[in-house]
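Tertiary structure, described
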Amino acid sequence: MSSPGTRTGEEAEDLDVEEALALVKENGGPARGAPDGPAAPAQTPPSGDPRRQSPRDSGAPHRTGDSRHRATPWPQARAIAERAGRAAVRAARRDPVHAPLDAALGLTLAAPLTALTDLPSFDTSAMDGWAVSGPAPWTVRDEGALAGHAEPAPLTDGEAVRIATGARVPAETTAVLRSEHGRTDERGRLHPTREVVHGQDIRPRAQECRGGDHLLPVGTVVTPAVLGLAAAAGYDTLTAVPRPRVDVLVLGDELLTGGLPHDGLIRDALGPMLPPWLRALGADVRTVCRIGDDAGALHRAVTASDADLIVTTGGTAAGPVDHVHPVLERVGADLLVDGVKVRPGHPMLLARLKEDQHLVGLPGNPLAAVSGLLTLAEPLLRTLAARPAPEPYTLPLDDGVHGHPHDTRLVPVVLRGDRAAPLHYNGPAMLRGMAAADALAVVPPGGARSGQETEVLDLPWTTGGIGVCFT
Ligand SMILES: Nc1nc2c(c(=O)[nH]1)N[C@H]1C(S)=C(S)[C@@H](COP(=O)(O)OP(=O)(O)OC[C@H]3O[C@@H](n4cnc5c(N)ncnc54)[C@H](O)[C@@H]3O)O[C@H]1N2
Ligand code: MOO
């Protein structure tokens, strides 16, 4: 496997949000205050500037909503979304949360995990058997020592006491003898059946850590094991980066929430799909609002939201009821990404509503919406949630995949051993391939041959990663 080196490459690093804005404005996009105005004079980008790599028109007039002229290359779009997240984190300075352990899975630590106690907090028997003091043979006390019970009385030399795993060892214990390694003679005295080493099978207090020891750094993702360690170390809550708050607005008059499609109406596939997917990406999805094709309702919903991220579905193209662009213009949003050179999903967009509030516009076609989710929402949410970026990786394709002449394609694949097998039913309006997929292959412009190493984007539930947090 080799890294495709696109997402985290230099070009991504060099491109800031302001540059992204300039990029949209330069190409005559609906920049704030000049929705349909002429293109700003283009500056000559320095050598290596990503703007050089995107063939663009020379500022020729175009209709608002026609994103073909200003579409951002796919790797750059992801980098812009990540940068936007970073800028929002700086602007918002949200306080960390103190999350109860049962609500902390998948969060990122905002404070180091420091042991609140020694671990173990007392000398502990590692085995069921006898705590013994001094050399054999030993006389065995009548009462035993159990885990969670009162501290046993100190042993005297030549004495033993039955002890359970996890019980406190009495003072003056020199070793624990496992039950299978001891026998009692006719006079009731205990003898070892193998050599006894001083201190054996005793877990001394603070063997794992002392109170105050640094256990995990800031930035650690809370896994089930972290929850266990935190509980063992005395924590009831964890100080963590808050989940980014997301409101979902589902647009479209044609959408039904139940029953069979009829009379030109179809079932809403995105309302049920997006919230759990967004949660898996670290979001706190607060509302899912169906608002039809109503520009006024969309405007009200956008201006009323105090979410970190608003996700809209549908209405991104240039049809008569595609209200996303006009509403963004009306609220004075900055379009950071207005169309991406990716199939499906090219009308997707990313807008900055406020310094610390963004909107991702997903196209209505369901697989195009998935593409937008992974291209724009994933890097933004990951950054807001302070999660680490996944390591990019590639796999050879089992089969050739036709490419788009100029755009990247995202194609559902199943992972078979160390190969990725492309799936059929991958049209923009279809979820049949996606629902069977383990991942998406990133097919470069021009396509990929059978056996070609191709970047693969994992899905949160197939990696079994910590992102899987659907509740
Ligand atoms: N003249 C052009 N028309 C279109 C272009 C274009 O470049 N020029 N691009 C096409 C592409 S590509 C896509 S993708 C779509 C994007 O459309 P919108 O984001 O405006 O979405 P809608 O028009 O509202 O819906 C598109 C399609 O998806 C269905 N839909 C919408 N929401 C849902 C939902 N929640 N669940 C299931 N299906 C949904 C909707 O009924 C439409 O069939 O534009 C093309 N047009
Ligand atoms: O974005 Mo559309 O779904 O490419 O056809």
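Residues numbered from 1 in each chain as written. Chains lettered and ligands numbered in written order. Predicted model: local features only at pLDDT ≥ 70, side-chain atom pairs only at ≥ 80, totals over all residues.

This paragraph deals with the UniProt feature "domain: MoaB/Mog" (unreviewed entry) in the protein chain. Taking the UniProt record as the reference, the feature "domain: MoaB/Mog" (unreviewed entry) is found at residues 247-383. Its end C-alpha atoms 17 Å apart, residues 247-383 is made of 34% helix and 30% strand. (UniProt positions renumbered as here; feature names shortened; annotations may be inferred. Helix = DSSP H or I, 4+ residues; strand = E, 2+ residues; numbered from the N terminus.)

Next up on the list: the sheet that holds strand S14 (residues 245-250). Spatial strand order, S17-S14-S18-S22-S21-S19: six strands in an open sheet with mixed pairing. If you trace the sheet from one side to the other, it starts and ends with strand S17 (284-290) and strand S19 (334-338), each paired once. Across the sheet, the mean angle from the axis of one strand to that of its neighbour is 20°, orientation sign disregarded. (Pairing = 2+ DSSP bridges. Axes fitted to C-alpha atoms, helices over the stretch in contact; angles between N-to-C directions.)

Attention now moves to the packing of helix H3 (residues 74-92) against helix H8 (residues 366-384). Where H3 contacts H8, the two axes come as close as 8 Å, and the packing angle between them is 30°. With respect to H8, the axis of H3 lies roughly parallel. Crossing of H3 against H8: the hand is right-handed. For the pair formed by H3 and H8, the contact residues are Trp74, Ala77, Arg78, Ala81, Glu82, Ala84, Gly85, Arg86, Ala88 and Val89 on the first element and Thr375, Leu376, Pro379, Leu380, Thr383 and Leu384 on the second. Its residues assigned to classes, the contact of H3 with H8 shows ten nonpolar, three polar and three charged. (Parallel < 35°, antiparallel > 145°, perpendicular 65-115°, else oblique. Left-handed = near helix turned anticlockwise from the far one by under 90°. Contact = placed C-beta atoms within 7 Å. Nonpolar A, V, L, I, M, F, W, Y, C, P; charged D, E, K, R; others polar.)

Taken together, Arg343, Pro344, Gly345, His346, Pro347, Pro363, Asn365, Ala368 and Pro428 are the residues near ligand 2. Of the residues contributing to the shell around ligand 2, the split by class is five nonpolar, three polar and one charged. (Near = placed C-beta within 6 Å.)

As assigned here, the protein chain comprises domain 1 (10-89 + 243-384), domain 2 (97-116 + 210-240), domain 3 (124-203) and domain 4 (393-458). Taken together, the contacts link 14 residues of domain 1 with 15 residues of domain 4. Looking at the side of domain 1 that touches domain 4, the elements with two or more residues in it are strand S20 (340-343) and H8. A total of six residues in the side of domain 1 that touches domain 4 trace back to one element, the largest contributor, which is H8. Among the residues making up the side of domain 1 that touches domain 4, the classes are represented as nine nonpolar, three polar and two charged. (Domains from an automatic or database assignment.)

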